[in-house]
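# Structural overview
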Amino acid sequence: MAKPPRAIAKGSIATGAAQRDGLVIASHGRHCLVETPEGERLICHPRGKKSQAVVGDRVKWQASEDEGTIEKIEPRRNLFYRQDEIRTKSFAANLDHVLILIAAEPEFSEHQLARALIAAEAAGITPIIALNKSDLAGPFERAWARLAPYRRMHHGVLPLSLKASGDVDRASLMKLLAGKSTLVLGPSGAGKSTLINLLVPSASALTNEISYALNSGKHTTTSTTWYWVDAERTTGLIDSPGFQEFGLHHIAPMQLASLMPDIAAHANECKFYNCTHLHEPGCGVISNLESTGSEDGINSTRYRIYGELFSELSQKRYT
Ligand SMILES: Nc1nc2c(ncn2[C@@H]2O[C@H](COP(=O)(O)OP(=O)(O)O)[C@@H](O)[C@H]2O)c(=O)[nH]1
Ligand SMILES: [Mg+2]
Ligand SMILES: [Zn+2]
C-alpha cells in the first residue's frame with residue numbers, strides 16, 4: 001500500500017555545503033522536485049545552463065535557502081525520449097519498463113503503438129503492451145485481433161479490465177512491475193489514470209500537491225510524475241502525457257529493422273548485408289511476408305509501417 005503523500009519541504013531541510021543524493025520525481029520547465037533517500041521532497045533548480053534533469057534521474061543536490069540546486073546528474077542507465085524535426089522530448093530516465101496502455105475503446109492507432117515500441121527498443125527498455133477494457137466484449141475482440149502480430153512478439157499483450165476487475169488486474173500488474181521503474185504511456189481515454197489510481201490510491205492528491213509546488217501556487221496540468229507503489233519505495237510508476245506525435249528522428253533508417261522484432265527475426269536471412277528489405281532480391285524479410293503465404297509470416301500492416309517509417313526517417317537525412 002502506498003503511503004499518504006509526504007509534505008513538500010519548505011525550509012525544513014538542513015542547509016549546508018554537502019552534496020546529497022536525490023531522485024527527480026517531477027519536473028516543470030527547468031525546475032524539478034527531488035526526493036531524498038529519507039523521503040523528503042524539495043524543489044531544485046539546475047546550476048547555470050547545465051543539462052536538464054528528467055524524472056527518474058539520480059542527482060546530487062545541494063541545499064540553498066529553502067530550495068535546492070542540482071549539482072550533478074548521475075550517468076543514466078537509459079533515457080526514453082521522442083524526437084521530431086525540431087525538438088527532443090525526454091519522458092524519463094533509468095527505466096525498467098515502458099507500459100503501453102491501449103484500450104478496446106477508443107480505437108488505438110497502430111502507428112503510435114509501433115512507434116512507442118521502437119523507441120523503447122532503441123533505448124534498451126523492455127516494453128509491455130496492455131489492452132484495457134476487456135469488459136467491452138465486441139470492441140475488445142476486434143482490438144485483440146488487431147494485436148495478433150504484437151501478441152506473437154516476445155513480450156505479448158496483457159489483457160486488462162481496470163474498472164471491472166481491478167483486484168485481479170492489480171495482482172497481475174504487480175507481478176510484472178514489482179521492484180521495477182515503469183513509465184506508463186498511452187493515448188487519452190485508455191485508462192492510464194484508472195491504472196495509476198488502482199496501484200497508487202493517493203496519486204491524485206499527490207499530483208495536485210506536486211503541480212501546486214512546481215508552479216508556484218498555480219494549478220496547471222502536471223507533466224511527468226513519479227509515484228511509489230509501495231511504502232518501501234521499491235516499485236516506481238511514472239505517469240506521462242504526450243503519446244501523440246511520437247517522433248523517431250533519432251533513429252537511422254537502417255537501424256529500424258533491428259528495432260522491430262518480427263522483422264528483425266528474418267533480417268539476417270537476406271542476400272545483401274545492407275538490405276533495406278524494401279525491394280532487394282533474396283530478401284529474407286520480403287520472402288517471409290504473410291502476403292506470400294508464409295506460415296506465421298510478417299503481418300502486412302507491420303511491413304507497411306516499416307516501409308512508411310523507413311521513408312520518413314530517410315527524408316529527414318538532408319543535413
Ligand atoms: N468499460 C471500461 N471503462 C474503463 C475501464 N478502465 C477505465 N475505463 C474508463 O475509461 C475512461 C478513461 O479512463 P482514464 O483512466 O481517465 O484514461 P486516461 O485518459 O488514459 O487517463 C474513464 O471513463 C474510465 O472510467 C475498463 O476496464 N472498462
Ligand atoms: Mg488521465
Ligand atoms: Zn532484406
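Summary of the structure given here. (Residues numbered from 1 in each chain as written. Chains lettered and ligands numbered in written order. Predicted model: local features only at pLDDT ≥ 70, side-chain atom pairs only at ≥ 80, totals over all residues. Heavy atoms only, no water.)

## Focus on the packing of aromatic side chains
How two aromatic rings sit relative to each other is given by the distance of their centres and the angle of their planes. Quick note on the threshold: Any Phe, Tyr or Trp ring, taking Trp's six-membered ring, that has another such ring centre within 6.5 Å forms a pair; planes under 30 degrees apart are called stacked, those over 60 apart edge-to-face, and the others tilted. We count a stretch as a helix when DSSP gives it H or I for four or more residues in a row; a strand needs E for two or more, and each element gets its number in order from the N terminus. Exposure is judged per residue with a 1.4 Å probe applied to protein chains only, and the accessible area is read against the type maximum: over 50% gives exposed, under 20% gives buried, and values in between give partly exposed.
Going through the model one piece at a time under the given rule, you end up with 7 aromatic pairs. Between Phe 80 and Phe 91, the aromatic rings sit 5.4 Å apart at their centres with planes inclined by 40°, giving tilted as the arrangement. Residue Phe 80 is located in strand 6 (residues 79-83), and its partner Phe 91 is located in strand 7 (residues 88-93); the two are separated by 11 residues in the primary sequence. Relative to Phe 310, the ring of Tyr 306 lies with its centre 5.9 Å away and its plane at 50°, an arrangement referred to as tilted. Of the two residues, Tyr 306 and Phe 310 both sit in helix 8 (residues 300-315), 4 residues apart, roughly one turn of that helix. You'll find Tyr 306 and Phe 310 in the same group, each marked buried.

## Remarks on helix 1 (residues 110-123)
Spelled out, the test is: Given the number of residues in a helix, its expected span is that number minus one, multiplied by 1.5 Å.
In this model helix 1 runs 20 Å from its N-terminal to its C-terminal C-alpha over 14 residues, within 8% of the 20 Å that 1.5 Å per residue would give. Burial within helix 1 is extensive, with 10 of its 14 residues counted as buried. Residues of helix 1 that are buried: Glu 110, Gln 112, Leu 113, Ala 114, Arg 115, Ala 116, Leu 117, Ile 118, Ala 119 and Ala 120. Looking one or two places after helix 1, you find Gly 124, whose phi comes out positive at around 75°.

## Some words on the environment of Phe 310
As a reminder, the rule being used: Contacts between residues were defined by any pair of non-hydrogen atoms, one from each residue, lying within 4.5 Å.
Residue classification places Phe 310 among the buried residues on the basis of a relative accessible area of 10%. For the pair Phe 310 and Gln 255, spaced 55 residues apart in sequence, the C-alpha separation works out to 9.3 Å. Other than its neighbours up to four places away in sequence, Phe 310 contacts Pro 253, Met 254, Leu 256, Thr 276 and Leu 278.

## Here's the deal with the nonpolar core
Under the convention used in this document: Side-chain atoms within 4.5 Å link the members of a nonpolar core, which is a set of buried Ala, Val, Leu, Ile, Met, Phe, Trp, Tyr and Cys residues.
In this structure, Phe 80, Tyr 150 and Leu 195 are the most contacted members of the largest nonpolar core, which totals 92 residues. Sorting elements by how many residues they give to this core places helix 1 first, with 7 residues.

## Side note on the coordination of the zinc ion (ligand 3)
Each donor-metal-donor angle would ideally measure 109.5 degrees in four-coordinate tetrahedral geometry, or 90 or 180 degrees in six-coordinate octahedral geometry. Where we set the bar: Distances up to 2.8 Å from the metal define which N, O and S atoms are donors, and 3.2 Å serves for Na, K and Ca; water is absent from the atom set, so sites may look incomplete.
Each protein donor to the zinc ion (ligand 3) is listed here as Cys 270 (SG), Cys 275 (SG), His 277 (ND1) and Cys 283 (SG); together their distances run 2.1 to 2.4 Å. Site description for the zinc ion (ligand 3): donor spacing in sequence, C-x4-C-x1-H-x5-C. There is no split in this pair, since Cys 275 and His 277 are both buried.

## Things to note about the site of ligand 1
To keep things clear, this is the line we draw: By convention in these notes, a residue is near a molecule or strand provided one of its non-hydrogen atoms lies within 4 Å of it. We call two N or O atoms a polar contact when they sit within 3.5 Å, provided that within protein one can donate a hydrogen and the other can accept it, with sequence-adjacent residues counted only if both atoms are side-chain atoms. In these tables, accessible area is a Shrake-Rupley quantity obtained with a 1.4 Å probe, and a residue counts as shielded only by the protein chains included in the view.
Not every one of the 15 residues close to ligand 1 is listed here, only the nearest: Asp 135, Gly 189, Lys 192, Ser 193 and Thr 194. For ligand 1, an oxygen atom lies 3.1 Å from a polar atom in the backbone of Lys 163. One of the side-chain N or O atoms of Ser 193 is found 2.8 Å from an oxygen atom in ligand 1. Relative to its free-state accessible area of 580 Å², ligand 1 is covered by the protein chains to the extent of 72%. Sort the elements by how many residues they give to the shell around ligand 1 and helix 5 (residues 192-199) lands first, with 3 residues.

## Some remarks on the state of the cysteines
As used in these notes, a disulfide is a covalent bond between sulfur atoms, one from each of two cysteines. The criterion, for reference: Two cysteine sulfurs form what is called a disulfide whenever their separation falls within 2.5 Å.
All chains considered together, the criterion is met by 0 disulfides. We note that Cys 32 lacks a disulfide partner, and the nearest cysteine sulfur, in Cys 44, lies 5.9 Å from it. Taking the relative accessible area as the measure of exposure, Cys 32 reaches 1% and is therefore buried.

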